[in-house]
Amino acid sequence: MDARTAASLLGRVEPFQALDERARLTVVEHASRRTVDKGQMVFWQDDPGEAMFVLLEGTVKLIVCSRDGELIELHRHAAPAIFGELALLDGGPRSASAEAVERSTLLVVTRPELLRLLRTDEQVAEALLSTLGAMVRRTTRQISDLAFLSLQGRVAAKLLDLTEPDGARTRRVTQVELATMVGGARQTVNQALRSLESRGYIRSAGRVFEILDREQLRRLAGG
């Protein structure tokens, strides 16, 4: 991927949308590139946060691990997207681990470079605040879902979250992955999926689920 293509992708995500093309090219030229294969860790929970990442190609998931070894998937980023910005801003350790779902290309933006942008461009600072606000809202919703929604409701909500832009089907996901996303066991998630399918709300197509009745899924998800 050449620099101009990377800069164009950079312009599709906050906080870099506020920059003109020349400024985005400068960011790309000062940043390093990193390629991670499927299943490879980008960083681990509790690692020091020394850089944020712009996902140029591929998909990355953010996961947390309990002391007992249980995993919960917090979010799944599809390119273009940014992640790892929180630890970079406050200098604290990573609050989650990041793992490549498929082969992915990353732009690595260091803390000094981001702080330079924040000091020189007020629009970047405002956009980053907006991004952090969206992260907090997403986390609050996840906590609310775990506390108040049934497993079937959480499965319905997550299937809607995973829907492709055309709204007709989800991105590829295994039942094990889905279970880590909704905080359930694979067997009970399988039962919830079968129930949704028997009621005509979804149709299983391998690792993809076709969305047949979006409104009913929204109702189950509390929307």
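Caption draft 1: Spatial organisation of the overall build of the protein chain. Counting secondary structure elements, the protein chain contains 9 helices and 10 strands. Computed over C-alpha atoms, the radius of gyration of the protein chain comes to 19 Å, within 12% of the 17 Å expected from 2.2 N^0.38 for 223 residues, which places it in the range of a compact globule. Across its three principal directions, the C-alpha atoms of the protein chain cover 55 × 40 × 30 Å. For the protein chain, the proportion of its 223 residues judged to be buried stands at 46%. Contacts in the protein chain between residues at least 24 apart in sequence constitute 65% of all its contacts with a sequence separation of at least 6. In the form shown here, the protein chain has an accessible surface area of approximately 11,700 Å², with 48% of it arising from carbon and sulfur atoms. Each charge class in the protein chain was averaged separately, 31 positive and 30 negative side chains, and the resulting centres sit 5 Å apart.

Caption draft 2: Spotlight on unusual backbone geometry. Geometrically, the link from glutamate 14 to proline 15 is a cis peptide bond, its omega value of 5 degrees lying close to zero. Within the fold, proline 15 resides in the loop between helix H1 (3–10) and helix H2 (21–30). Cis peptide bonds are those with omega within 30 degrees of zero, and the linkage from alanine 79 to proline 80 qualifies with -5 degrees. Here proline 80 shows up in the loop between strand S5 (71–78) and strand S6 (81–83). For aspartate 46, which is not a glycine, the phi torsion comes out positive at approximately 80 degrees.

Caption draft 3: Region of the structure containing the sheet that holds strand S2 (residues 41–43). With antiparallel pairing, the 4 strands of this open sheet are ordered in space as S2-S7-S4-S5. This sheet does not close on itself; its edge strands, each paired only once, are S2 and S5. Strand-to-strand twist of the sheet, defined as the mean angle between neighbouring strand axes without regard to direction, takes the value 30 degrees. Strand contacts of helix H7 (residues 175–182): strand S4 (59–65) and S5, with the helix running at about 105 degrees to S5, the strand carrying the most contacts.

Caption draft 4: Structural detail: the packing of aromatic side chains. A full pass over the atoms with the stated rule returns 3 aromatic pairs. A centroid spacing of 5.4 Å and a plane angle of 15 degrees characterise the contact between phenylalanine 53 and phenylalanine 83, whose relative ring orientation is stacked. Separated by 30 residues along the polypeptide, phenylalanine 53 in strand S3 (residues 51–57) and phenylalanine 83 in strand S6 bring together distant segments of the chain. The exposure class of phenylalanine 53 is buried, given its relative accessible area of 5%. The buried category is assigned to phenylalanine 83, whose relative accessible area is 1%. The rings of Phe43, Phe53 and Phe83 are connected pair by pair, giving a single aromatic cluster. Positioned above the aromatic ring of phenylalanine 43, the side-chain terminus of arginine 94 is 4.1 Å from the ring centre.

Caption draft 5: Spotlight on the sheet that holds S6. What the 4 strands build is an open sheet, ordered S1-S8-S3-S6; its pairing is antiparallel. Each end of this open sheet is capped by a strand with a single partner; those strands are strand S1 (32–36) and S6. Neighbour to neighbour, the strand axes of the sheet diverge by 30 degrees on average, direction disregarded. Relative to strand S8 (residues 104–110), S3 is paired through 6 bridges, and the arrangement is antiparallel. Counterpart to phenylalanine 53 in the pairing with S8 is valine 108. Across the face of the sheet, H1 comes into contact with S1, S3 and S8 while running at roughly 105 degrees to S3.

Caption draft 6: Molecular detail of helix H8 (residues 186–198). With 13 residues, H8 extends 18 Å from end C-alpha to end C-alpha; this agrees with the ideal 18 Å at 1.5 Å per step. Taken residue by residue, H8 has Val189, Asn190, Ala192, Leu193 and Leu196 as its buried positions. Viewed end-on, H8 has its buried residues packed into an arc of 160 degrees, placing them on one side of the element. For H8, the exposed residues lying more than 90 degrees away from the buried face are Gln187, Arg194 and Ser198. Packed against the buried residues of H8 are helix H6 (151–161), H7, strand S9 (202–205), strand S10 (208–211) and helix H9 (214–220). The first or second residue beyond H8 is glycine 200, which carries a positive phi of 80 degrees.

Rules and cut-offs
- Residues numbered from 1 in each chain as written.
- Predicted model: local features only at pLDDT ≥ 70, side-chain atom pairs only at ≥ 80, totals over all residues.
- Heavy atoms only, no water.
- Helix = DSSP H or I, 4+ residues; strand = E, 2+ residues; numbered from the N terminus.
- Rg over C-alpha atoms; globule rule 2.2 N^0.38 Å.
- Buried < 20%, exposed > 50% of the residue type's maximum accessible area, 1.4 Å probe, protein only.
- Contact = heavy atoms within 4.5 Å.
- Areas by Shrake-Rupley, 256 points an atom, 1.4 Å probe, with all protein chains shown as cover.
- Lys, Arg positive; Asp, Glu negative; His and termini not counted.
- Charge placed at Lys NZ, Arg CZ, Asp CG, Glu CD.
- Pairing = 2+ DSSP bridges.
- Axes fitted to C-alpha atoms, helices over the stretch in contact; angles between N-to-C directions.
- Phe/Tyr/Trp six-rings, centres within 6.5 Å; stacked < 30°, edge-to-face > 60°.
- Lys NZ or Arg CZ within 6 Å of the ring centre and 35° of its normal.
- Expected span 1.5 Å × (residues − 1).
- Arc of directions from axis to C-beta.

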